[in-house]
Each structure stands twice: as C-alpha cells, then as structure tokens.
Amino acid sequence: MTDGAQAPAGPRSFGRRLARIAAVPLVLALVVYASFQVSPWPGAMLVRVVFGIGDARTVAALQKHVPAGVVAHIDVAYDPGDPDGRLDIYHPPEGTAPLTTIVWIHGGGWVSGDKAQIGPYARILAARGFTVVSVQYSIAPEARYPTPVRQAMVALAYLTARAAAYRIDPDRIVLAGDSAGAQIAAQTAAIASSPDYARAVDITPGIERRQIIGTLLFCGGYDIDAARGGGIGGWFVHTVLWAYSGRKDFLSDPVFRRMDVTDHLTAAFPPAFISAGNGDPLAPQSVALARRLEGLGVRVDRLFFAADHKPALPHEYQFNLDDADGRMALERAVAFLKGL
C-alpha cells in the first residue's frame, strides 16, 4: 500500500456510517417534536400558514359576488401609536346619512389573519345599506390576551368620535366576528354590557352599552375547556390558546379563563345572531352560547343545521356564497340587522 492511501471501509465501518445516516431523520423528528413542546411558536406558525392559504382562497372565491361602487377607506389609523391600530371602512356610494354600522373582527385562531380578509364580505354587506368596519388587531404569539379586546375598545371609541366622517351611526353599532373574531366580538359586547365583568378583566369599554344594538357571531370558539380534547382538534385549540395566553398551563390561569364568554353573560347582552355549520367542530360552542343567552332572556336569532345536513357545512361556511347555505346565512344576517 502506498503512503497516504486509505484502506477501503470494512463491513463494520460501513455499518456504523449507515446507522449514523439513518439516525438523522429520527434526530430531526425529535428536535421538531421537542420544539412543539417547549414553545407555542412552531405550532402557531404552522396554523398561520395553513389558515393563510385558506383565507386567500376564500377571498378569491368571494370576488365574483362583490358589487361595484362601494366606497372604501383603507388603513384608517384608529390608534396612531399602535402599528396594528388600523381599520378599513366600507359604505354605499349614495347618500350622506349615517348608517347602522357593523364592526367586524376577523378570525384566524387568534394567531393569524388580518382585516383585508373581511374586505370582500364587508363590501357585500355595505351594498345592502350598512357601514361596515373591519378592524385590525395584534395576533399571537406576538401579542397576548387581552390585547385584541383592548384594541377593539380603542377602535370603537375612535369610530364614535369620527362617526360623521364615515357615515357611522354611533348609536347603532353591531359587533360582529367570525371564529376567534366572534369570541373577541362577544367578549367586547359582554364587557360593555356588564360593569362587573369590565372590572374583573380590567378593561374600560370604548363604547356604551346603549350604542350596541346587536351582535353577529359566526363559528366562534367561546369555551377554552375545549382544549382538553384529543386528536388534531385538541392539539389545535391547545396550541392557539397557549400562544394567545402565553402560558402552556392556561387552563389553570384564572385571568385567562375570564375570556370564556359563556360564563360571563348577563341579560344586558345585545341581541345576537349566532350561526355555525353542522360540520364545524366548534358548532357545539355556538349552540351553548345561544342557549345560555336565551336562558337569560336575550333575543337570539340562531341558524344551525341538522347533524345529517348534506353536504356537511365546515367552519366558516358563511363565506361560501357559491353555496346555497352560505347565501341563506347572508340573507338571514341581513334580515336580522334590518330588524334591529
């Protein structure tokens, strides 16, 4: 053998190399698994990516239903000191009179989404004779509870102060939201309706209860105990609430548990339109909310579907205006609004 020449690897050496190569995917898998266990960030970012794809598809599908001519005021600063303190306002082109105003808080599991995703649906509602406001708020894990609720209150105070500029009737406000946004909207309404609850969560209402004439609540998540469930649904709820609360043990946090709206309702809660699809895993929470409000004597217009309804209607079904049930939800919501 010449100097510097390397002997061919023997069977044992080759086996060790092969074992090391085979171990790499396992090590990577363990690292990924561990990262999901020690921080909500990996899970929240995964949810954000998946939801972002779905939101883009929903916005694209709605475009064909958007009427022309709706006036839009985009990126209005409701809090100049807050980078996320922006909102979009839509109203019909004709007339100058103030209109019943729907203040919509977008969904996204508290960890994704933005005000633009409500734009097409807001334009559709505005064409029916309303002013519609889509509110931006800070999402988790970058921001934690109760930041979005405080931001909603600041936005409401701004809209009341600037009502004349945007065809807003400050005495005919409807708080609306979908998914996580429905929870934020419902909690905002509950705080405005109950001084005791406002003190308990240490949030000053940005609007008086008399100004809120109703709520539109689609596909909301109102019960944090749903995080006790197993499977992908339980993982999802646990991940986003961990991100939103900042605590892995959020179920034992009495401060965070106050976000559980159903436990803090009063008879002063505004009239509510509540809906969810029969294929939505969060639907039981909407049904429970409706029952609780009805038990308190609050006017509720509920739109739910039989368990065997076909096709099964998924989470956020109301944004699918290519489907008859989505169109029915829109018509029922408009009828509710016009009846307030």
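Thresholds applied
- Residues numbered from 1 in each chain as written.
- Predicted model: local features only at pLDDT ≥ 70, side-chain atom pairs only at ≥ 80, totals over all residues.
- Heavy atoms only, no water.
- Helix = DSSP H or I, 4+ residues; strand = E, 2+ residues; numbered from the N terminus.
- Buried < 20%, exposed > 50% of the residue type's maximum accessible area, 1.4 Å probe, protein only.
- Contact = heavy atoms within 4.5 Å.
- Areas by Shrake-Rupley, 256 points an atom, 1.4 Å probe, with all protein chains shown as cover.
- Pairing = 2+ DSSP bridges.
- Phe/Tyr/Trp six-rings, centres within 6.5 Å; stacked < 30°, edge-to-face > 60°.
- Core = buried A, V, L, I, M, F, W, Y, C linked by side-chain atoms within 4.5 Å.
- Patch = residues over 30% accessible without salt bridge, like charges linked within 9 Å, V, L, I, M, F, W, Y side chains within 5 Å.
- Salt bridge = Lys/Arg side-chain N within 4 Å of Asp/Glu carboxyl O.
- Right-handed = clockwise from strand over helix to strand, strands pointing away.
- Axes fitted to C-alpha atoms, helices over the stretch in contact; angles between N-to-C directions.
- Parallel < 35°, antiparallel > 145°, perpendicular 65-115°, else oblique.
- Left-handed = near helix turned anticlockwise from the far one by under 90°.
- Nonpolar A, V, L, I, M, F, W, Y, C, P; charged D, E, K, R; others polar.

1. Observations concerning the overall build of the protein chain
Reasoning step 1: What the protein chain contains, in helices and strands, is 10 helices and 8 strands.
Reasoning step 2: Out of the 340 residues belonging to the protein chain, those deemed buried represent 49%.
Reasoning step 3: Counting contacts in the protein chain only where the partners sit at least 6 residues apart, residues at least 24 apart contribute 76% of the total.
Reasoning step 4: A total accessible area of about 15200 Å² is found for the protein chain, and carbon and sulfur atoms account for 59% of it.

2. Topic: the pairing of strand E2 (residues 86-91)
Reasoning step 1: Burial analysis of E2 places 5 of its 6 residues in the buried class, the great majority of the element.
Reasoning step 2: One ladder, built from 4 bridges, connects E2 with strand E4 (residues 131-135); its direction is antiparallel. Across the sheet, residue Ile-89 finds its bridge partner in E4, namely Val-133.

3. Section: the packing of aromatic side chains
Reasoning step 1: For the structure shown, the criterion picks out 13 aromatic pairs.
Reasoning step 2: Each ring, one from Trp-104 and one from Tyr-121, has its centre 5.6 Å from the other, and the planes form 70°; the classification is edge-to-face. On the criterion of sequence distance, the pair formed by Trp-104 in strand E3 (residues 99-105) and Tyr-121 in helix H3 (residues 119-126) is long-range, its members being 17 residues apart. Grouping residues by exposure puts Trp-104 and Tyr-121 together as buried.
Reasoning step 3: Between the aromatic rings of Trp-110 and Tyr-244, the centroid separation amounts to 5.5 Å while the plane-to-plane angle is 15°, which identifies the pairing as stacked. Taken together, the residues Trp-110 in the loop between E3 and H3 and Tyr-244 in helix H7 (residues 231-245) connect sequence positions 134 residues apart.

4. Here we look at the nonpolar core
The tendency in soluble globular proteins is for nonpolar side chains to be buried as a group.
Reasoning step 1: The biggest cluster of nonpolar side chains holds 66 residues, and the ones touching the most others in it are Leu-241, Tyr-244, Phe-269 and Leu-293.
Reasoning step 2: The contacts of Leu-293, once residues within four sequence positions are left out, are Leu-265, Phe-269, Ala-272, Ile-274, Val-298 and Val-300.
Reasoning step 3: With 34 residues, the next largest nonpolar core counts Tyr-90, Ile-118, Phe-218 and Ala-329 among its residues.

5. A short note on a nonpolar patch on the surface
Reasoning step 1: Where nonpolar side chains cluster on the molecular surface, the patch consists of Leu-46, Val-50, Ile-232 and Trp-235 and spans about 390 Å² of accessible area.
Reasoning step 2: The set of elements that each furnish at least two residues to the nonpolar patch consists of helix H2 (41-62) and H7.
Reasoning step 3: Positionally, Leu-46 belongs in helix H2.
Reasoning step 4: Note on Leu-46: relative accessible area 42%, which makes it partly exposed.

6. Thoughts on the pairing of E4
Reasoning step 1: With respect to burial, E4 is a largely interior element, 5 of its 5 residues being buried.
Reasoning step 2: By the alternation rule, side chains of E4 split into Thr-131, Val-133 and Val-135 and Val-132 and Ser-134, which are all buried.
Reasoning step 3: By the bridge criterion, 5 bridges tie E3 to E4 in an arrangement that is parallel. Considered in E4, the bridge of Trp-104 is made with Ser-134.
Reasoning step 4: Between E3 and its parallel partner E4, the chain crosses via H3, and the hand of that crossover is right-handed.

7. Topic: the packing of helix H4 (residues 147-161) against helix H5 (residues 180-193)
Reasoning step 1: Closest axis-to-axis distance for the H4/H5 pair is 10 Å, and the angle between their directions is 65°. In terms of their interaxial angle, H4 and H5 are classed as roughly perpendicular. Crossing geometry of H4 relative to H5 is assigned as right-handed. On H5, the residues that touch Pro-148, Val-149, Ala-152, Met-153 and Leu-156 of H4 are Ile-184, Gln-187, Thr-188, Ile-191 and Ala-192.
Reasoning step 2: Of the residues in the contact of H4 with H5, the class split is 8 nonpolar, 2 polar and no charged.

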